[in-house]
Structures are given as structure tokens and as C-alpha cells.
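The primary structure of each chain is shown beneath.
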Amino acid sequence: MESNRILYLIALVAVGWGVTYALRSLPFVLFSRKARELPPWVGRLGVLISPVIIAFLIVYSYSSLEWRTFGPYLAGAVTVALQLFWRNPLISIIAGTATYMILLRV
Amino acid sequence: MNINGKIFRRAFIDSLPVLMGYTTMGFAAGVLMGAKADVPFSPLWGFLTAAAFVSGTLSFAIVPLVAQSASLAAVAAMTLMINFRYAFYGISMLSKWKTVPFFKKLFLIHMLTDENYALETASTIKDQKLYEKYCTYLSALNLSYWISGVTSGCLVVYALEKALSPERIKAATQGIEFAMVALFLVIFTDQMRGFFRHGK
């Protein structure tokens, strides 16, 4: 049982690393030869795709919170507002998380 | 000071904001891992994942997956989604790293995080050899910050768990999982700011 869990954890690190490394090295593999010019749409797609994915992740991760209460939305608003005006990721994240943790307890 | 020292100094000064970000964000990810991941020895787990992924978002996102013993396919799908943007970073580095030796390039690719990417593309170093040195120092420094942050976060929770009961830790850290959502919200907010500023 315990050794199975450890094998699982090792496999998990390998999968996470493998997929991440494959993504990071993709352009170097695809465009290693000089002959292949980089299509311009690749760069434009790169700029567009990231926020779409992050937005999807936000919606997805809300489903594991207490999303039927107003707590996670208020905490989210606090996070975004602080990031808009203060631009310090750490302050925004700590304040937002603290808001959520407090609201869970009242 | 010799030229090597100068380049290292430059890399170190440029890495200071990353030092602040990685140690604190890494610490938060480490605390979350220690409290919620349900692994036998969380500091080792934190160290391994930090060194292997070098991805803050994945470090946070992997915690609930480990706790639920999610399938490896689910982990692969999650990783693909979260880190998809990395596939575009290399495009800007293709010409910049053309002359970097093979194994050094493997390491630089491993370290192609948001922060390294930003600093490496913004660097004004003209000399190619010096630029390669700069990228290598920067990557090594930032890797050490990230690993220290995550591992120390795990260690603190691990030590507390020995002193207090695991149930009390669980109860006290309830809701800490919002940190990951907050991280996504911060990234999204900054992306939107960039969008509206540059009209892209």
C-alpha cells in the first residue's frame, strides 16, 4: 500500500515534469532547422491563448471552493482590486486568501 | 572585478524581485503542500516537485490532485492546460540561444519560467557569450530561490504537525486553497492590464 503510493507519487512528478518540459522545449524541437520559418500567427496565438486558459482555470478552480456562498466571490474581488491598485501579487494573494478563510469561519 | 563577476552581479541584482516573489510564493505553495497534499514526507515532496516543475501554478494545482490520488492522465491534462503558455516562450529564445551548447540549453529550457522569460528577453547585454552566462546565472539563482521557498514552507508545516495534532493543522488551514485561485486571478488581472495598455 505505502510503496504503491510512493510509486504513484514518483510517476506523478515524472508526468508533471515530462509534460512541462515538452511544452517548454516545443519551439526548439519544431523550429530547430533554419529552413522552417516561424509563421506569424504562432506569436499572435501565444499572446491570446494564455488569458483564455487562465480564465478557464479560474472558473474551474471555483468549483472546488464553497461556490454557493458569496465568500469566494468577495475574496476574489478583494484579490483583483488589490492587484489593480497595488500591483503586489503577494499582498493580493495573502489578502484574498485571508478574506476567504475568515468568511469560512463566520 | 573580472567580467564573470560583473555578469553574475548583474544577474543577481536583476533576480532580486524574483527572490522576493519565489521565496514567498514558494513558501505559500510549500505550506499548502504540507497541509493538504497528504504525502509521507512533504519536505522531500516539495523539494522534488519544485526542482522538477519550476512552475508555481502547477505546484499549487497539483496539491488537490495528489490528495485525491487523481489519475496520471488527469495530471497530464491539468499540466498541459496550466503550462500551455510555456510552449510560446521558446519562440522568442530561438535566435537568442542559437549558440548555447546543448546541455546548457537543456537547463535553460527547463528554467523557462514567466520570470526568467521576462528578464531574459528584456536584457540589453549585446555580447552573445556574456548573454549566455547571464541567462545561466539567472536561471541557477532563481531555481535556488524557488526550491528554498517551497521546501521551507513544507518544513514549517511538517515541524508544526509534529508539535500539534494534524486535525488542528487541517482545521486551522481550512480555506488556504484559495491561494491558488488568487494566484490565477492575479495573473489574469495583470494580463488584462497588459492587453488594455498595449491594445493587443
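Residues numbered from 1 in each chain as written. Chains lettered and ligands numbered in written order. Predicted model: local features only at pLDDT ≥ 70, side-chain atom pairs only at ≥ 80, totals over all residues.

**Focus on the packing of helix 1 (residues 3-36) of chain B against helix 3 (residues 56-67) of chain B**
Each pair of packed helices can be summarised by the angle the axes make with each other and by the distance between the axes. Residue and element names in this part refer to chain B. What counts is decided by this rule: Comment: axis = line fitted to C-alpha atoms, over the contacting stretch for helices; angle = value between 0 and 180 degrees taken between N-to-C directions. Secondary structure follows DSSP: runs of H or I at least 4 residues long count as helices, runs of E at least 2 residues long count as strands, and numbering of each begins at the N terminus. To sort the angles, those under 35 degrees are grouped as roughly parallel, those over 145 as roughly antiparallel, those from 65 to 115 as roughly perpendicular, and the leftovers as oblique. This entry defines residue contacts through backbone-placed C-beta atoms, with two residues in contact when those atoms are within 7 Å. Under the convention adopted here, Pro, Cys and the residues Ala, Val, Leu, Ile, Met, Phe, Trp and Tyr are nonpolar, Asp, Glu, Lys and Arg are charged, and Gly plus all remaining residues are polar.
Following both chains from N to C, one finds helix 1 and helix 3 inclined at 5°, their axes separated by 10 Å at the closest point. Here helix 1 is positioned roughly parallel relative to helix 3, judged by the angle of their axes. On helix 3, the residues touching Met25, Ala29, Leu32, Met33 and Lys36 of helix 1 are Gly56, Ser59, Phe60, Val63 and Ala67. For the contact of helix 1 with helix 3, the per-class residue count stands at seven nonpolar, two polar and one charged.

**A short note on the environment of tyrosine 131 of chain B**
Residue and element names in this part refer to chain B. What counts here: The burial label depends on the number of other C-beta atoms within 10 Å of a residue's C-beta. Counts of 20 or more mean buried, 12 or fewer mean exposed, and intermediate counts mean partly exposed, with C-beta atoms placed from the backbone.
The topology assignment puts tyrosine 131 in helix 8 (residues 128-163). Assessed through the 19 C-beta atoms surrounding it within 10 Å, tyrosine 131 is described here as partly exposed. In the structure, tyrosine 131 is positioned 28 residues away from phenylalanine 103 in sequence and 16 Å away in space, judged by C-alpha atoms. Tyrosine 131 has contacts with Ser123 and Ile125, leaving out every residue within four places of it along the chain.

**A word on the packing of helix 1 (residues 2-30) of chain A against helix 2 (residues 42-53) of chain B**
Rules: Left-handed is the label given to a crossing in which the near helix is rotated counterclockwise from the far helix by less than a right angle, and right-handed is the label when the rotation is clockwise.
Closest axis-to-axis distance for the helix 1 of chain A/helix 2 of chain B pair is 9 Å, and the angle between their directions is 20°. The angle between helix 1 of chain A and helix 2 of chain B falls in the class roughly parallel. Crossing geometry of helix 1 of chain A relative to helix 2 of chain B is assigned as right-handed. Taking contact as the criterion, the partners of Leu9, Val13, Gly16, Trp17 and Thr20 of chain A in helix 1 of chain A are, on helix 2 of chain B, Trp45, Leu48, Thr49, Ala52 and Phe53 of chain B.

**Focus on the interface of chain B and chain A**
Counting from both sides, the interface comprises 55 residues of chain B and, opposite them, 52 residues of chain A. Looking at the side of chain B that touches chain A, the elements with two or more residues in it are helix 1, helix 2, helix 3, helix 4 (72-82), helix 5 (86-93), helix 6 (102-110) and helix 10 (178-198) of chain B. In terms of residue count, helix 10 of chain B provides more of the side of chain B that touches chain A than any other element does, 14 residues in total. For the side of chain B that touches chain A, the per-class residue count stands at 39 nonpolar, 13 polar and three charged.

**Overview of the nonpolar core**
Under the convention used in this document: Think of a nonpolar core as buried Ala, Val, Leu, Ile, Met, Phe, Trp, Tyr and Cys residues chained together by C-beta atoms that fall within 7 Å.
Ranked by size, the top nonpolar core spans 68 residues in total, and within it Leu32, Phe60, Ala179, Ala182, Leu183 and Phe184 of chain B carry the most contacts. For this core, the leading source of residues is helix 1 of chain B, giving twelve residues. Residues contacting leucine 183 of chain B, with those up to four places away along its chain left out, are Ile93 of chain A together with Gly56, Thr57 and Phe60 of chain B.

**Quick look at the confidence of the model for chain B**
Residue and element names in this part refer to chain B. Applicable threshold: Known as pLDDT, the predictor's per-residue confidence is scaled from 0 to 100.
Averaged over every residue, the pLDDT of chain B is 88; residues scoring 70 or more account for 98%. Highest mean pLDDT in chain B belongs to helix 6 (96); lowest belongs to helix 9 (residues 166-172) (75). In the model output, the complex is listed with pTM 0.78 alongside ipTM 0.85.

**Comments concerning unusual backbone geometry**
Unusually for a residue other than glycine, arginine 87 of chain A sits at a positive phi of about 60°. As for its position among the elements, arginine 87 of chain A is in the loop between helix 3 (71-86) and helix 4 (89-105). Here the phi dihedral of valine 54 of chain B falls at roughly 40°; this positive angle occurs in a residue that is not glycine.

**Some points on the environment of tyrosine 100 of chain A**
Looking at the element boundaries, tyrosine 100 of chain A is found in helix 4. The spatial distance from the C-alpha of tyrosine 100 of chain A to the C-alpha of phenylalanine 28 of chain A is 42 Å, given a sequence separation of 72 residues. When residues no more than four places from it in sequence are discounted, the contact partners of tyrosine 100 of chain A are Gly71, Pro72 and Ala75 of chain A together with Gly175 and Phe178 of chain B.

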